[in-house]
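Letter by letter, the chains look like this.
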Amino acid sequence: MISPFGQRHAAHWFYAGFNEVYNTGGGGEESAEEIWPVLDDWIDRNGASEDWYLHVNFWDPHTPYRVPVGVANTYEDNPLPAWLEDPQALEKHRSMVGPHGANELNMYDDEVREGFPRSLGKIETSEDLKSVIDNYDLGIRHVDQYIGKLVEKLRSLGIYEEVAIIISADHGENLGELGIYSEHATADEATCHIPMIVKWPSGNRGVDKRLCYGIDMSATFLGLLGIERPKSWDGVSMADAVVDAHNRNAERRELVVSQCAHVCQRSVRWDTWLYIRTYHDGFHLFPEEMLFDLENDPHEQEDLSSIQIERCREGAWRLAQWHAGQMGTMARRGGDLVDPLWSVIAEGGPFHARLRSPGRPGREGFLAFLRRLEASGREDGARVLREKYREELEKWA
């Protein structure tokens, strides 16, 4: 493994099972050109051997955006995405109060991270908005180029055709969706729709648009290796799509995803619909229920929960059915019978929005954030937040 991920997240178990671990030392703030020499050297020494597995982390699409300033912006002449060309869209977002909004890209303030000139502190103009989007896209392109270098390296060793390559990610990125920028903050399409790109020896070419989870990847790889999936696994094999586009298993009828780092939310994704239930709003003032038609509103700007009542009820029903099934499975297996989402609530809320935490924001940090809102013309939002969280503010005084 070539990654500082376990260190960055204090997750010692992330390194379990690897014979070699190379921590590139930047705590997840290194760029691809810092990772490449370690990767290049390992392939030189091991590429020609049999039966190896290599995991590599690239971080460039992650905030703070860190592609070196010497790398040309190939998107400089591209226009803004059509849905953000209307200046009213940005003004609407600038009036919102939640962390990682247009005015506070650094979560609760607009400070610019030292050493990351591509990451802005706030979005005031359409030029700023374009810069944020360009630098995210440039991060993806930068990683693509280094994946290309790896592919060429495998070709030069004559092993490309027999190597499997899997590209995925741990999250997506909100770039205006729900008024949030440069963060993976919600249980929505922008945050939870991740790549699952598989190049398999003698595999199929094409795109499979079935709904699937990240946990389906493990079952898929067992299927490709001819190994039966353990009955206790929730993952479903998508191996059929990889090896034969015309031989497909039954589709999932829905996906349910959760978020407990910035907010506490669960959502259901089915057909063209996204239903979001919020249990802790992470100071965004989200309503308890939201509903979006992703076919006509892929960037989640128009909440239809008050109009599409029956669709909203269907989303709530699907979520309730899923939850009952999960709790039933936990009970039958004799494990912990506490929903982990409610454990997070009991611990003080999502990780980045705990008032009792000594870190950010904490009680004093939250009060400073409210003062910032009041000083920037968002007094109404500050007043609602102060009242909504009054009990917790008093509790941790």
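Each value, and the rule that gives it
- Residues numbered from 1 in each chain as written.
- Predicted model: local features only at pLDDT ≥ 70, side-chain atom pairs only at ≥ 80, totals over all residues.
- Heavy atoms only, no water.
- Helix = DSSP H or I, 4+ residues; strand = E, 2+ residues; numbered from the N terminus.
- Buried < 20%, exposed > 50% of the residue type's maximum accessible area, 1.4 Å probe, protein only.
- Contact = heavy atoms within 4.5 Å.
- Lys, Arg positive; Asp, Glu negative; His and termini not counted.
- Charge placed at Lys NZ, Arg CZ, Asp CG, Glu CD.
- Pairing = 2+ DSSP bridges.
- Axes fitted to C-alpha atoms, helices over the stretch in contact; angles between N-to-C directions.
- Arc of directions from axis to C-beta.
- Polar contact = N/O pair within 3.5 Å; in protein donor to acceptor, adjacent residues only side chain to side chain.
- Salt bridge = Lys/Arg side-chain N within 4 Å of Asp/Glu carboxyl O.
- 1 Å grid on protein atoms, 1.4 Å probe; cavity = no way out; pocket = protein on both sides within 12 Å on 5 of 7 lines; lining within 4 Å.
- Points joined across faces, edges and corners; volume = space filled by probe spheres on them.
- Nonpolar A, V, L, I, M, F, W, Y, C, P; charged D, E, K, R; others polar.
- Parallel < 35°, antiparallel > 145°, perpendicular 65-115°, else oblique.
- Left-handed = near helix turned anticlockwise from the far one by under 90°.

Each helix and strand in the protein was counted, giving 12 helices and eight strands. Its C-alpha atoms give the protein principal-axis dimensions of roughly 65 × 55 × 40 Å. With 397 residues in all, the protein has 43% of them scored as buried. When contacts within the protein are restricted to residue pairs at least 6 apart in sequence, long-range pairs at least 24 apart make up 57% of them. Each charge sign in the protein was given a centre, from 42 positive and 67 negative side chains, and these centres are 4 Å apart.

Turning to the sheet that holds strand β5 (residues 255-259), a few remarks are in order. Pairing in this open sheet of four strands is antiparallel, and the strands run β5-β6-β7-β8 from one edge to the other. With partners counted over all chains shown, the strands left at the sheet margins are β5 and β8 (289-293), one partner each. Pairs of neighbouring strands in the sheet enclose a mean axial angle of 15 degrees, with direction left out of account. Against the sheet, helix α8 (residues 309-333) makes contact with β5, β6 (264-270), β7 (273-280) and β8, and its axis sits at roughly 110 degrees relative to β6, the strand it touches most.

Looking now at helix α3 (residues 87-94). Along α3, the residues that are buried comprise Ala-89, Leu-90 and His-93. In a view along the axis of α3, the buried residues occupy a sector of 95 degrees, so they form one face of it. Exposed and facing more than 90 degrees away from the buried side of α3 are Pro-87 and Gln-88. Summarising the contacts, the buried residues of α3 are in contact with α4 (126-156) and β3 (181-183). Its side-chain oxygen at 3.0 Å from the backbone nitrogen of Gln-88, Asp-86 defines the N-terminal cap of α3.

Next up on the list: the pattern of salt bridges. Scanning the model with the defined rule gives 30 salt bridges in all. Between Glu-29 and Arg-113 there is a salt bridge, and its shortest N-O distance comes to 2.5 Å. Separated by 84 residues along the polypeptide, Glu-29 in the loop between α1 (5-8) and α2 (32-46) and Arg-113 in the loop between α3 and α4 bring together distant segments of the chain. Judged by relative accessible area, Glu-29 falls into the partly exposed class, the value being 30%. Note on Arg-113: relative accessible area 33%, which makes it partly exposed. Among the ionic pairs, Lys-153 bridges to Asp-40, the shortest N-O distance being 2.7 Å. Note that Lys-153 is positioned in helix α4 and Asp-40 in helix α2, a separation of 113 residues in sequence. Residue classification places Lys-153 among the buried residues on the basis of a relative accessible area of 16%. By relative accessible area, Asp-40 is classed as partly exposed at 21%.

This part takes up the environment of Gly-27. Residue position: Gly-27 is located in the loop between α1 and α2. Each C-alpha atom, one on Gly-27 and one on Arg-8, is 5.1 Å from the other, the two residues being 19 residues apart in sequence. Non-local contacts of Gly-27, meaning those with residues more than four positions away in its chain, are made with Pro-4 and Arg-8.

Think of a ball as big as a water molecule: rolled over the atoms, this probe shows where empty space is left. Counted according to the given criterion, the structure contains one cavity of 30 Å³ or more. Its boundaries defined by the atoms lining it, the largest cavity holds a volume of some 40 Å³. Of the residues that constitute the lining of the largest cavity, the class distribution is four nonpolar, four polar and no charged.

Let us now look at the packing of α2 against α4. Where α2 contacts α4, the two axes come as close as 11 Å, and the packing angle between them is 15 degrees. As the angle between them shows, α2 and α4 are arranged roughly parallel. For the element pair α2 and α4, the recorded crossing hand is right-handed. Packed against α2, whose contacting residues are Ala-32, Glu-33, Trp-36, Leu-39, Asp-40, Ile-43 and Asp-44, the element α4 presents His-142, Tyr-146, Lys-149, Leu-150, Lys-153 and Leu-154 at the interface.

In short, shape yes, function no, at least from these values alone.
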